Amino acid sequence: MPTLAELNAASAPAFTDLLDGVYEHSRWIAARTWAARPFATLAALKAALVQTVRQASRDEQLGLIRAHPELAGKAAVAGQLTAESTDEQSRAGLSHCTPEEFARINALNAEYTARFGWPFILAVRGPRGAGLSRATIIATLERRTDNPPDFEFAEALRQIHRIAELRLNDKFGFVPEQGNRVWDWCEHLATHSEPAWKERGELTTTYLTDAHRSAAAEIAATMRECGFDTVDIDAVGNVVGVYPGSDPAAPRLLTGSHYDTVRNAGKYDGRIGHFIPMACVRAMHRVGRRLPFGLEVVAFAEEEGQRYKATFLGSGALTGAFNPAWLDQQDRDGISMRDAMRHAGLPADLPAIAALRRDAARYLGFVEVHIEQGPVLNALDLPLGIVTSINASVRCVVEIIGMASHAGTTPMNARRDAACAAAELALFLERRAAADGDSVGTVGLLEVPGGSINVVPGRCRFSLDIRAPNNAQRDAVLADTRTELAAICARRKLRFTLEQTMREQAATSDPALQQRWERAVAALGLPLHHLPSGAGHDAMMLHTVMPQAMLFVRGENAGISHNPLESSTAGDLDLACAAFQHLLDTLAAS
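Quantities reported herein were computed from a predicted structural model and do not represent experimental measurements. (Residues numbered from 1 in each chain as written. Predicted model: local features only at pLDDT ≥ 70, side-chain atom pairs only at ≥ 80, totals over all residues. Heavy atoms only, no water.)

Participant: Is there a simple way to think about helix α13 (residues 210-226) in this case?
Facilitator: Taking 1.5 Å as the rise per residue, α13 with 17 residues should run 24 Å; its terminal C-alpha atoms sit 24 Å apart, in good agreement. In this structure, the buried side of α13 is in contact with α11 (177-189), β1 (230-233), β2 (239-243), α14 (272-286) and β4 (294-300). Looking one or two residues beyond α13, the residue adopting positive phi is G227, at roughly 110°. (Helix = DSSP H or I, 4+ residues; strand = E, 2+ residues; numbered from the N terminus. Expected span 1.5 Å × (residues − 1). Contact = heavy atoms within 4.5 Å.)

And the structure:
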């Protein structure tokens, strides 16, 4: 079993020999990476190998993809796979396919190869390294056959890098123990789902349902097992764990994220934000270590606004932003929030909720680790990213009013088509947001009330969602969009209404805390990549009262989130744990 020291000291041929088998039949990758020595960490070696492939020509990348065997293909049946591929396919049970499974995989392999011209590549050991089920492999093959060719080419390379990562771990005897633990915690917490969704194998955990309460109880129990001195469920359902410092009177660092979900959710959104610091507390507690400051980890009860229109309720309670009117809101079953709180054993009492407000002077700031919920890190083959700001956002509901008329008898030059005007505006918003580079604009809801196939639309309702890294940029996109809307309607002789339904200010990362994240990522030997967050997070609420900064963790499957395909790997989660611990260590040393 080689060591990094031996690898760094090796000649080019010896270096290549030591890494033989990491990339299937492609020794050129190790040979070209030799010049990037020395590698301070295994993560740095992995990043350098990835960079070598990214810098290769497309023909070389295609050759790398084609060097891999088909899953459960002829080479596997004939026993002609490399030792590494044999082990991987065996761990996934592909050597024990039923005749039906074998036939289905081979049919899909043929369809995939005919469409793309290369074999289907999948890291069959999966995100935990223990192996995917055959059903999951077949479902993934079916899904990815529909991908666009350019996307699938990049996805094949991403899967190859994951295979290489697992092989390197084996070669160096590395086990991502912290990442495995966080991954397991996320998987187990996802068993708490509301009945109708759980019956379909889906995850839905909305505010103060029985599933939500059982999830809170599990988080609290895990916090106690980790060694937190105090663990409580507060007046709004937040789970709060405190690990005091060596000086109990010292200020605390606040961290965490939410544990509620959207409907039919992924398992990692929000939840890694409290599990990662919990894993670090567990490690410190086991060696009897205390920081000079306290660590307060909060699993926020509500961020998504799914059961009630009360987004950021959990973190808002800590900043004094709880809206008393929320208590009278009713869910789709007519249950008020006040009654839901009482059913959950919470006081539903405004003074008790007001008492949750934190004194910002008692805190060093707020940091949050979150899955990216986007494709940027995934496309760059980077496990971690530094968040520069949480985007400013605004949402509007627009209605364009024209004149309904017969689709067959109304000449084109006599129409007052509300839907065509909306389509024109949607295309304008697409162009205008793209012109800024980092602004985004979306028409997510679009409807023709009472529409009919043979009627020119007289009304069209749609939404606008505009986000940008700063308030001024967001407002400029909105102003230009509104001006264009007015011009379109004037030209087409239509009327419109525009109602603003939400406006959130940008939350720029605190420079000092952001720099600590940068140092933590650099200490792992990883490239630094900065990006804004297009999604809202609990850090936005804490930003109103104290310094905040976030770290993003790459998401699998093109970074999809709010979706069952949302995923992370134990390796990436392990790096996030190491980065969080580094941040704690540098704070302790300052």
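More follows now that the structure is in view.
Participant: Looking at this model, I keep getting lost on the domain arrangement of the protein. Mind explaining?
Facilitator: Where interface size is given, it is often the accessible area lost as the parts come together that is meant. Partitioning the protein into domains gives domain 1 (4-172), domain 2 (179-386 + 517-589) and domain 3 (392-504). One C-alpha centre belongs to domain 1, the other to domain 3, and the line joining them spans 46 Å. (Domains from an automatic or database assignment.)

Participant: What am I meant to see in the environment of S509 here?
Facilitator: Mapped onto the elements, S509 comes out in the loop between β14 (507-508) and α21 (511-523). Residue classification places S509 among the buried positions, given a relative accessible area of 5%. For the pair formed by S509 and V387, sequence separation is 122 residues and the distance between their alpha carbons is 7.1 Å. When residues no more than four places from it in sequence are discounted, the contact partners of S509 are V387, T388, S389, Q514, Q548, A549 and M550. Among the polar contacts made by the side chain of S509, one reaches the main-chain carbonyl oxygen of V387 at a distance of 2.7 Å. (Buried < 20%, exposed > 50% of the residue type's maximum accessible area, 1.4 Å probe, protein only. Polar contact = N/O pair within 3.5 Å; in protein donor to acceptor, adjacent residues only side chain to side chain.)

Participant: Teacher, can you tell me more about helix α10 (residues 149-172) here?
Facilitator: Residues spaced three or four apart along an α-helix point in a common direction, a consequence of the helix completing one turn every 3.6 residues. A rise of 1.5 Å per residue sets the reference length of α10, with its 24 residues, at 34 Å; its end C-alpha atoms lie 35 Å apart and thus fit the reference within 8%. Most of α10 sits out of view: 18 of its 24 residues are buried.

Participant: Help me understand the state of the cysteines, please; the structure alone is not making it clear to me.
Facilitator: Put plainly, a disulfide is one covalent bond tying together the sulfur atoms of two cysteines. In this structure the tally under the stated criterion is 0 disulfides. Free cysteine: C460, not disulfide-bonded; nearest cysteine sulfur from C420 at 9.4 Å. (Disulfide = S-S within 2.5 Å.)

Participant: I would appreciate a short explanation of the nonpolar core in the present structure.
Facilitator: The nonpolar side chains of a soluble globular protein tend to be buried, and buried together. Counting 75 residues, the largest nonpolar core has V182, I272, M337, M341, L384 and W517 as its most contacted members. With 9 residues, the single largest contributor to this core is helix α23 (residues 570-589). Those residues within four positions of L384 in sequence are excluded, and the remaining contacts are L377, V521, L524, L526, L551, F552, V553, D572, L575, A576 and A579. If you look at the next biggest cluster of nonpolar residues, it comprises 47 residues, including Y23, L71, V124 and I163. (Core = buried A, V, L, I, M, F, W, Y, C linked by side-chain atoms within 4.5 Å.)

Participant: I keep staring at the pairing of strand β12 (residues 459-468) and nothing clicks. Help me out?
Facilitator: A regular strand carries its side chains on alternate faces of the sheet. Across the 10 residues of β12, 8 count as buried, placing the element largely inside the fold. Where strand β9 (residues 440-442) and β12 come together, 3 bridges link them in antiparallel fashion. Residue pairing in the sheet places T442 in a bridge with D465 of β12. (Pairing = 2+ DSSP bridges.)

Participant: Looking at this model, I keep getting lost on unusual backbone geometry. Mind explaining?
Facilitator: Glycine aside, residues mostly have negative phi angles, and peptide bonds mostly take the trans form. Here R37 and P38 are connected by a cis peptide whose omega angle stands at 0°. Secondary-structure assignment places P38 in the loop between α3 (28-33) and α4 (42-55). The phi dihedral of L208 falls on the positive side, at around 65°, and the residue is not glycine. Tracing the backbone through its elements, the reader meets L208 in the loop between α12 (195-198) and α13. Positioned with a positive phi, N557 is a non-glycine residue whose angle comes to about 55°. Take N557: it is sitting in the loop between β16 (548-553) and α23.

Participant: In this structure, what is going on with the packing of α11 against α13? I would like to understand it.
Facilitator: Helices that pack against each other are described as a pair by the angle of their axes relative to one another and the distance between those axes. Direction vectors running N to C along α11 and α13 enclose 155°, while the axes themselves pass 10 Å from each other. Overall, the two elements α11 and α13 adopt an arrangement that is roughly antiparallel. Crossing handedness for the pair α11 and α13: right-handed. Residues W185, H188 and L189 of α11 pack against A215, E218, I219, T222 and C226 of α13. Among the residues forming the contact of α11 with α13, the class breakdown is 5 nonpolar, 2 polar and 1 charged. (Axes fitted to C-alpha atoms, helices over the stretch in contact; angles between N-to-C directions. Parallel < 35°, antiparallel > 145°, perpendicular 65-115°, else oblique. Left-handed = near helix turned anticlockwise from the far one by under 90°. Nonpolar A, V, L, I, M, F, W, Y, C, P; charged D, E, K, R; others polar.)

Participant: I'm lost on the pattern of salt bridges in this one. Help?
Facilitator: Any two side chains of opposite charge can pair, on the condition that their charged atoms come close. For the structure on display, the rule yields 34 salt bridges. A salt bridge links R467 to D465, with the shortest nitrogen-to-oxygen separation between them at 2.8 Å. Overall, R467 belongs to the buried group, its relative accessible area being 17%. With a closest N to O distance of 2.8 Å, R474 and D475 form a salt bridge. (Salt bridge = Lys/Arg side-chain N within 4 Å of Asp/Glu carboxyl O.)

Participant: Can you walk me through the UniProt feature "domain: Peptidase M20 dimerisation" (unreviewed entry) in the protein in this structure?
Facilitator: Mapped onto the present numbering, the UniProt feature "domain: Peptidase M20 dimerisation" (unreviewed entry) falls on residues 394-489. Strand forms 28% of residues 394-489 and helix 40%; the C-alpha atoms that close the span are 22 Å apart. (UniProt positions renumbered as here; feature names shortened; annotations may be inferred.)

Participant: Would you take a moment to explain the packing of aromatic side chains for this structure?
Facilitator: The relative placement of two aromatic rings is captured by the distance of their centres and the angle of their planes. Inspection of every chain in the model, using the stated rule, returns 9 aromatic pairs. Judged by centre distance (5.3 Å) and plane angle (75°), the rings of Y112 and F120 are edge-to-face. Taken as a pair, Y112 and F120 share a single burial class, namely buried. Ring geometry for F116 against W118: centres 5.5 Å apart, planes inclined by 25°, an arrangement best described as stacked. Judged by its relative accessible area of 9%, F116 is buried. Three or more aromatic residues joined by ring pairs make a cluster, and in this case those are Y112, F116, W118, F120 and F153. Above the plane of the ring of F153 lies R58, whose end atom (NZ or CZ) is 3.8 Å from the centre. For the cation-ring pair, R158 lies above F151, with the distance from its terminal atom to the ring centre recorded as 5.3 Å. (Phe/Tyr/Trp six-rings, centres within 6.5 Å; stacked < 30°, edge-to-face > 60°. Lys NZ or Arg CZ within 6 Å of the ring centre and 35° of its normal.)

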